[in-house]
Every structure is written in structure tokens, then in C-alpha cells.
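Next come the chains, spelled out residue by residue.
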Amino acid sequence: MATMKNESLARAAGLVRAADSVVLACHVGPDGDALGSMLAMAVALRNAGKTVFPSFGPPFSHIETFRFLPLSLLVPPEDVPPSPELMISFDAGSLDRLGDLAQPARRATELIVL
């Protein structure tokens, strides 16, 4: 079982390294762990020179409670590419939990679920 996890992790890391653009999504009405994880990945990917589209929704709103996070990185769901090369979902057990971002997840060439 550990080998399977290591292979999956290595494959996911390779997909992230190879991608020029990455859509990041967390569940609708995100809590701190979903939003924080997604934005941390957005910062890391931007620092690696990748184009990122971190989003959630609907409803899409900047949650005042989390103003200490880099909320300026967020993009509205309608600005997310409709068929992304790579999409990473955070803290969503099913595509339905992604709201409007479920369709881009279904159309993604590769989807990583964390």
C-alpha cells in the first residue's frame, strides 16, 4: 500500500512540475483549512512561475474572517479556464462540493484531489 501512495504522490508531483497553468479549487463556502491550503499552494505555484487560478463558489466572496490570507490571489469562478490542463481540488469529497467549478474539474486533462 505504501508503494501505491508513493507512486501516486510521485505522479501528482510530476503533473504539477510539468503544468504551466493550474486551476485550484476548494469546496463552496470554504473554511480556513480549505481556503488556506488552496492559497498556500497558489503562492507556491506562482513562486515557481506557474499561472494559477485559485477559486471557489458560488457564492464567491472574500471572507472577512480570513483577511490575513492572500485573498487577492482569488479569481471568480467564471474566470477559471473551462477545460484546464491541471486542476487540484482541496477538501472536497465529491465534485458536487465544488459548485460551479465541478464542470472544469470534469473537463480537466488531469485532476488531483487532496
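Residues numbered from 1 in each chain as written. Predicted model: local features only at pLDDT ≥ 70, side-chain atom pairs only at ≥ 80, totals over all residues. Heavy atoms only, no water.

Re the overall build of the protein chain
Then, number 1: Looking only at helices and strands, the protein chain has three helices and four strands in total.
Then, number 2: Counted from the first residue to the last, the protein chain has its helices and strands arranged as α-β-α-β-β-α-β.
Then, number 3: Radius of gyration (C-alpha) of the protein chain: 13 Å, near the 13 Å computed for a compact globule of 114 residues.
Then, number 4: The C-alpha extent of the protein chain, read off along each of the three principal axes, is 40 × 30 × 25 Å.
Then, number 5: Of all 114 residues assigned to the protein chain, the portion counted as buried reaches 40%.
Then, number 6: Considering only intrachain contacts with a sequence separation of at least 6, the fraction spanning at least 24 residues in the protein chain is 66%.
Then, number 7: About 6200 Å² of surface is accessible on the protein chain, with carbon and sulfur atoms providing 56% of the total.
Then, number 8: Averaging the locations of the 9 positively and 12 negatively charged side chains of the protein chain gives two centres separated by 4 Å. (Helix = DSSP H or I, 4+ residues; strand = E, 2+ residues; numbered from the N terminus. Rg over C-alpha atoms; globule rule 2.2 N^0.38 Å. Buried < 20%, exposed > 50% of the residue type's maximum accessible area, 1.4 Å probe, protein only. Contact = heavy atoms within 4.5 Å. Areas by Shrake-Rupley, 256 points an atom, 1.4 Å probe, with all protein chains shown as cover. Lys, Arg positive; Asp, Glu negative; His and termini not counted. Charge placed at Lys NZ, Arg CZ, Asp CG, Glu CD.)

What to know about the side chain of Lys-50
Then, number 1: Here Lys-50 shows up in the loop between α2 (32-47) and β2 (51-55).
Then, number 2: One polar contact links the side chain of Lys-50 to the main-chain carbonyl oxygen of Val-16, over a distance of 3.3 Å.
Then, number 3: In this structure the side chain of Lys-50 is engaged in a polar contact, spanning 2.9 Å, whose partner is the backbone oxygen of Arg-17.
Then, number 4: Every residue in contact with Lys-50, bar those within four places of it in the chain, is listed here: Val-16, Arg-17, Ala-19, Asp-20 and Leu-45. (Polar contact = N/O pair within 3.5 Å; in protein donor to acceptor, adjacent residues only side chain to side chain.)

A closer look at the pairing of strand β3 (residues 86-90)
Then, number 1: In terms of residue burial, β3 counts as a mostly covered element, since five of its five residues are buried.
Then, number 2: Relative to β3, strand β1 (residues 21-26) is paired through four bridges, and the arrangement is parallel. Paired with Val-23 across the two strands is Met-87, which belongs to β3.
Then, number 3: With four bridges connecting them, β3 and strand β4 (residues 110-113) associate as parallel partners. The residue of β4 that forms the bridge with Ile-88 is Ile-112. (Pairing = 2+ DSSP bridges.)

A closer look at α2
Then, number 1: Taking 1.5 Å of rise per residue, the 16 residues of α2 would be expected to cover 22 Å, and the 22 Å separating its terminal C-alpha atoms lies within 8% of that figure.
Then, number 2: Along α2, the residues that are buried comprise Ala-34, Leu-35, Gly-36, Met-38, Leu-39, Ala-42 and Leu-45.
Then, number 3: Once α2 finishes, Gly-49 follows within two positions and takes phi at roughly 90°, a positive value. (Expected span 1.5 Å × (residues − 1).)

A closer look at the pattern of salt bridges
Then, number 1: For the coordinates displayed, the defined rule picks out two salt bridges.
Then, number 2: For Arg-11, the salt bridge is made with Glu-110, and the minimal N-O distance between the two is 3.1 Å. On the criterion of sequence distance, the pair formed by Arg-11 in helix α1 (residues 2-18) and Glu-110 in strand β4 is long-range, its members being 99 residues apart.
Then, number 3: The exposure class assigned to Arg-11 is partly exposed, which follows from its relative accessible area of 49%. (Salt bridge = Lys/Arg side-chain N within 4 Å of Asp/Glu carboxyl O.)

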